[in-house]
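Here are the chains, one letter per residue:
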Amino acid sequence: MSQDPMDFEWSYWIEWGRERILWLLAGHLLVSQVSRLLVEKYKPWCLMVYGMAACWLLLGIKGFAVILLHATISFAVAQFQLSLLTWLCSLILLSTLRIPAVEEAKRKWYDTENEYYLLLFTVSVRCLFCTSFSLEYCWHGPAQKSSHSFLWMLAYVFYYPTFHNGPLVNFDEFSKQMRRQEAFSLKTNLSVLIVGIIRIFFWWFLAELMIHLMYIHALYSSAPPLEAASYWALGGLALAQVLFFYVKYLVLYGVPALLLQMDGLKPPALPCCVSLMHSFTKMWRSFDVGLHRFLVRYIYVPMGGSQSSLLGTLFSTALTFAFVSYWHGGQSYLWYWGALNWLGVIVESGVKRILSVSVIQDLI
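What you are looking at is a predicted structure, and each value in this text was computed from that prediction instead of being measured.

Some thoughts on the nonpolar core
Part 1: If you look at the biggest cluster of nonpolar residues, it comprises 92 residues, and the most contacted ones within it are Leu59, Phe158, Phe174 and Phe323.
Part 2: Counting contributing residues per domain, this core is built from domain 1 (8–180) and domain 2 (269–363), each supplying no fewer than three.

Re the UniProt feature "transmembrane region" (unreviewed entry) in the protein chain
Part 1: The UniProt feature table records "transmembrane region" (unreviewed entry) at residues 20–39, 46–69, 75–95, 116–135, 150–169, 190–211, 231–252 and 310–328.
Part 2: When the span residues 46–69 is considered, its composition is 100% helix and 0% strand, and the gap between its end C-alpha atoms is 21 Å.
Part 3: Counted over residues 190–211, helix gives 100% and strand 0%. Its end C-alpha atoms are 31 Å apart.

Description of the packing of aromatic side chains
Part 1: Inspection of every chain in the model, using the stated rule, returns 36 aromatic pairs.
Part 2: An angle of 75 degrees between the planes, with centres 6.2 Å apart, marks the rings of Trp10 and Phe244 as edge-to-face. With Trp10 in helix H1 (residues 8–38) and Phe244 in helix H11 (residues 231–262), this pair connects stretches of sequence that are 234 residues apart. No difference in accessibility class separates Trp10 from Phe244, as the two residues are buried.
Part 3: Look at Trp45 and Trp152: their rings are 5.0 Å apart centre to centre, the planes differ by 65 degrees, and that puts the pair in the edge-to-face class. Placement of the pair is Trp45 in helix H2 (residues 43–78) and Trp152 in helix H6 (residues 150–157), with a sequence separation of 107 residues.
Part 4: Take Trp45: its relative accessible area is 24%, and that puts it in the partly exposed class.
Part 5: What links up through ring pairs into an aromatic cluster is the set Phe75, Phe129, Phe133, Tyr137, Phe150, Tyr156, Tyr159, Phe171 and Phe174.
Part 6: Seen from the ring of Tyr326, Arg98 lies directly overhead, with NZ or CZ sitting 4.6 Å from the centre.
Part 7: Across the ring face of Phe129, the terminal group of Arg126 is positioned such that the distance to the ring centre comes to 4.0 Å.

Some thoughts on the environment of Leu270
Part 1: Structurally, the position occupied by Leu270 is in the loop between H11 and helix H12 (280–286).
Part 2: Dropping the residues within four chain positions of it, Leu270 is found in contact with Trp203, Leu250, Tyr253, Gly254, Ala257, Ser286 and Phe287.

Rules used throughout
Positions within a chain are numbered from 1, following the residues in the order the chain's sequence is written. Only residues with pLDDT of 70 or above have their local features reported here, since the model is predicted, and side-chain atom pairs are shown and tallied only from 80 upward, although totals for entire chains, interfaces and linings are computed over all residues. Derived side-chain values reflect all non-hydrogen atoms in the structure, with water molecules and hydrogen atoms excluded from consideration. Working definition of a nonpolar core: buried Ala, Val, Leu, Ile, Met, Phe, Trp, Tyr and Cys residues. They are joined through side-chain atoms within 4.5 Å. Each residue is placed in one exposure class: buried if its accessible area under a 1.4 Å probe, protein chains only, is under 20% of its type's maximum, exposed if it is over 50%, and partly exposed if it falls in between. Start and end positions for the domains come from either an automated domain assignment or a database one. UniProt positions are given in the numbering used here, feature names are shortened, and annotations may be inferred rather than shown by experiment. A run of H or I in DSSP counts as a helix once it spans at least four residues, and a run of E counts as a strand once it spans at least two, with each numbered from the N terminus. Think of it this way: a Phe, Tyr or Trp ring, Trp meaning its six-membered ring, pairs with another when their centres are within 6.5 Å, and the plane angle makes it stacked under 30 degrees, edge-to-face over 60, tilted otherwise. We call a charge positioned over a ring when the NZ of a Lys or the CZ of an Arg lies within 6 Å of the ring centre and within 35 degrees of the ring normal. We call two residues contacting when some pair of their heavy atoms lies within 4.5 Å.

Given below as structure tokens:
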């Protein structure tokens, strides 16, 4: 049976997973378990070396050099300990991904478009990791600089389970958990691995079933079926699409989350089922938890957040969604998407403030 070919993201990562990435993740798992068993103290550096080797193997020497250059520039700018300068550096590095001449030069490094896109996606995610490390470096005093060395930055940036597509783990959480040495039980880890693999296979099978039987994305790409459909049918299609998106990310984030667990780290919670959500705010908090924590810690709270005036809250929320739209690619439809999400969150926040007034509560 043929499948719906219109969901690029699922087809792309499944193809890469089957070809190389799953094998490299299995290699990471082996290195991780052996290092935890024999040299727990040196585990971060063993995983760092493996991540760098995996990056070199998949992206080539030039792709590896680009990521190393981004990390080096970010670290050098962080030495000034100015958050604004760090953010400026991060945005400039991110903007280099959209310069046509640079794009063309990088395309020539690879034989296929898929290899170029792997570099593009990887560097985009690495930009967030570099930003997280650099801002933590700016915020910590000289006494804590040993845990914020360039070596720790490389261990964080080249940590392989989250390397190509996330999920995002902030540096403060990563370093605390990676430095923590706990009792290691191979038997316990093996049971966690088996249960985790069974769950991931169930989600993957469900996603494949949806993409082979439902053709949601193919219907969306053609105007006549949508124009002929009733409003109820359109609502059903919209729900089916977001449910597939949810199942897809249970797989795409479930695999690295399982490896994080095997490494003794606590992964961000997996996406919450969209059918259980009824608000924009909950959607942003509980779908991509790692990205939400990044946005709150490094943009929303430093800009004032909910503790500032009404105008300050509006501004910090707008800035957060502006960054999300720009990081995802900055195309016009993403700005509309960001603006609508911002509007949804603001309306919800406004209604909550009105309902919290004692007079309104008494009426209710």
